[in-house]
Amino acid sequence: MTGRELWTPTRRDLLRMLGVGGAAVGASSLLAACGLGTGGDGPATENGAAEVTGGFDWRKAEGTEISVLQTPHPYQVAFQPLLAEFTELTGITVKADLVAEADYFTRLNTELASGAGNYDAFMTGAYFIWTYGPPGWMEDLKPWLENSSATNPDYDFEDIYEGLRRSTSWDFQVGSPLGTGGQWAIPWGFETNVLCYNKTEFDRRGIRPAETFDDLVQLATDLTDRANNTYGIAFRGSRSWATIHPGFMTQFTREGCTDYELQGDQLQATMNSPQAVDFTRKWVELARAAGPTSWTTYEYPDCTGDLGAGTAMMVYDADSATYPQNIAGNSAQAGNLAWHPGPAGPDGSYDTNLWTWSLAMNSASQKKLAAWLFIQWATGKDAQTKAVQTGQAGFADPTRASVFEGAFKQTLGGFPGYQETFEKVIGATDIKFTPQTQFFETTEEWAVALQDIYAGQDAKTRLDALAAANTTAVNRAG
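Residues numbered from 1 in each chain as written. Predicted model: local features only at pLDDT ≥ 70, side-chain atom pairs only at ≥ 80, totals over all residues. Heavy atoms only, no water.

J.: Can you help me understand the packing of aromatic side chains in this one?
T.: Each aromatic ring pair is described using two quantities: the centre-to-centre distance and the angle formed by the ring planes. Scanning the entire structure with this criterion turns up 60 aromatic pairs. With a centroid separation of 5.6 Å and 80 degrees between ring planes, the pair formed by Phe 86 and Phe 374 is classed as edge-to-face. Taken together, the residues span a long stretch of sequence, with Phe 86 in helix H4 (residues 83-90) and Phe 374 in helix H15 (residues 368-378) at a distance of 288 residues. Residues Phe 86 and Phe 374 agree in their burial class; the two are buried. Seen from their ring centres, Phe 235 and Trp 295 are 6.0 Å apart, and the 80 degrees between their planes marks the pair as edge-to-face. Residue Phe 235 is located in the loop between strand E7 (231-234) and helix H11 (247-254), and its partner Trp 295 is located in the loop between helix H12 (274-290) and helix H13 (300-309); the two are separated by 60 residues in the primary sequence. Neither Phe 235 nor Trp 295 differs from the other in exposure class; each is buried. When the ring centre of Phe 157 is taken as reference, the NZ or CZ atom of Arg 165 above it lies at 5.9 Å. One cation-aromatic arrangement involves Arg 400 over Tyr 155; the distance from NZ or CZ to the ring centre is 4.8 Å. (Phe/Tyr/Trp six-rings, centres within 6.5 Å; stacked < 30°, edge-to-face > 60°. Helix = DSSP H or I, 4+ residues; strand = E, 2+ residues; numbered from the N terminus. Buried < 20%, exposed > 50% of the residue type's maximum accessible area, 1.4 Å probe, protein only. Lys NZ or Arg CZ within 6 Å of the ring centre and 35° of its normal.)

The following block contains the structure:
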């Protein structure tokens, strides 16, 4: 396979995809759903965007009921009371099924692989597009966006931050950057990965957040007092792909490191480059010297919980994860927290990795127009404006510049540095990983490598082994 070929999943690949969430589906039903080995052509394409004609009308699918699969989340909670308004506007009824996040992607994998079209639209993270898109499980939304008969002329897709639009688009070709190919989901809510700190404690000590990574290491170490059960900085450390994508990947990129490079027609893992080895060694030392004592079990609720309790002085993670800790009644440190972009890179860059919950359409849906009307309504200006006004804990961050600059900014008076931090990093915020179909497997292995280095293994030796294994893994589909 050359570096520009469309990736075609093998039976082994498809079964591995289901392993992302631990779903167990028979191989025969999976292959039938994807049109492989059965003489099929993949999921049904009836009622596509090209069939919608005439002027735009919100009521073109009046009387339809759609099913949407979601996981409980502040974004979902903020929109729940607005669903009645959507039904009044469109005549479309929304049946929303909620599945706990621990089980959500297992359920979603099963549903999409079945090809049954039981759910018309669903919540997804951008990384999952790299798994669900290649088999044809997701509808390309670009034709819907480009059809003036199907899309409100006031929708203004470009109002969604560019990095978000780019991060949910890919052509599934090895080595292609994000922003190519179809638009597989519409960003709904998102988070940047920055520093949140205990401003009251910093002010008491007369200190300020660090502006370089080396200074952050020193500052966090100085703030650590094991005898009094306080420590300098929390960031994720568990054996999960989710350990790599927030603070680690953000600072990794700022320090000039990359995960892969295209060499000929192959991706070559580069998380063992000299600068990556140096950064990783420092990151692990930071965890050892100034992190929680049980760092290898830490996920984001542990990090933010310690911040809110006053145990951790800083957290390097999602801004929307630390945001609720500053709301009265949510934590002991509510009102004491502030935000900072985190250390700039040696070149002054503020490259920042993101996560976005997005809305996507099941390609097997038989109610695509109704599903598209729901997606464009939920990601539109009016609905997002109302969502951010449902309460401070509701909707951070909105994906639209107009909503952030308008309604959301009005909620930030008691959140020092939040707006300034956002504005500092948003221009350089997108997904910093190289898109590739083995993302979850290889990125979890990366997290395991961090744990091994934390346990005492040599950083260069361990990262060399990781890079070799990941190079094989990302290219094996060919």
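J.: I tried to follow the pairing of strand E8 (residues 260-263) on my own but got confused; where do I start?
T.: It is a general feature of regular strands that their side chains alternate between the two faces of the sheet. Relative to strand E9 (residues 266-269), E8 runs antiparallel, the two sharing 4 bridges. In the sheet register, Gln 263 faces E9, and the bridge partner there is Gln 266. (Pairing = 2+ DSSP bridges.)

J.: I keep staring at the pairing of strand E3 (residues 121-125) and nothing clicks. Help me out?
T.: Burial analysis of E3 places 5 of its 5 residues in the buried class, which makes it a mostly covered element. Side-chain alternation along E3 places Ala 121, Met 123 and Gly 125 on one buried face and Phe 122 and Thr 124 on a second face that is also buried. Examined bridge by bridge, strand E1 (residues 65-70) and E3 share 2 bridges and lie parallel to one another. If you follow Leu 69 over to E3, its bridge partner there is Phe 122. The pairing of E3 with strand E12 (residues 352-361) spans 5 bridges and is classified as antiparallel.

J.: It is not clear to me how helix H18 (residues 418-425) should be interpreted in this structure. Could you clarify?
T.: An α-helical segment advances 3.6 residues per turn. Residues three or four places apart therefore align on the same side. Burial in H18 covers these residues: Tyr 418, Thr 421, Phe 422 and Val 425. All buried residues of H18 lie within an arc of 100 degrees about the axis, which places them on one face of the element. (Arc of directions from axis to C-beta.)

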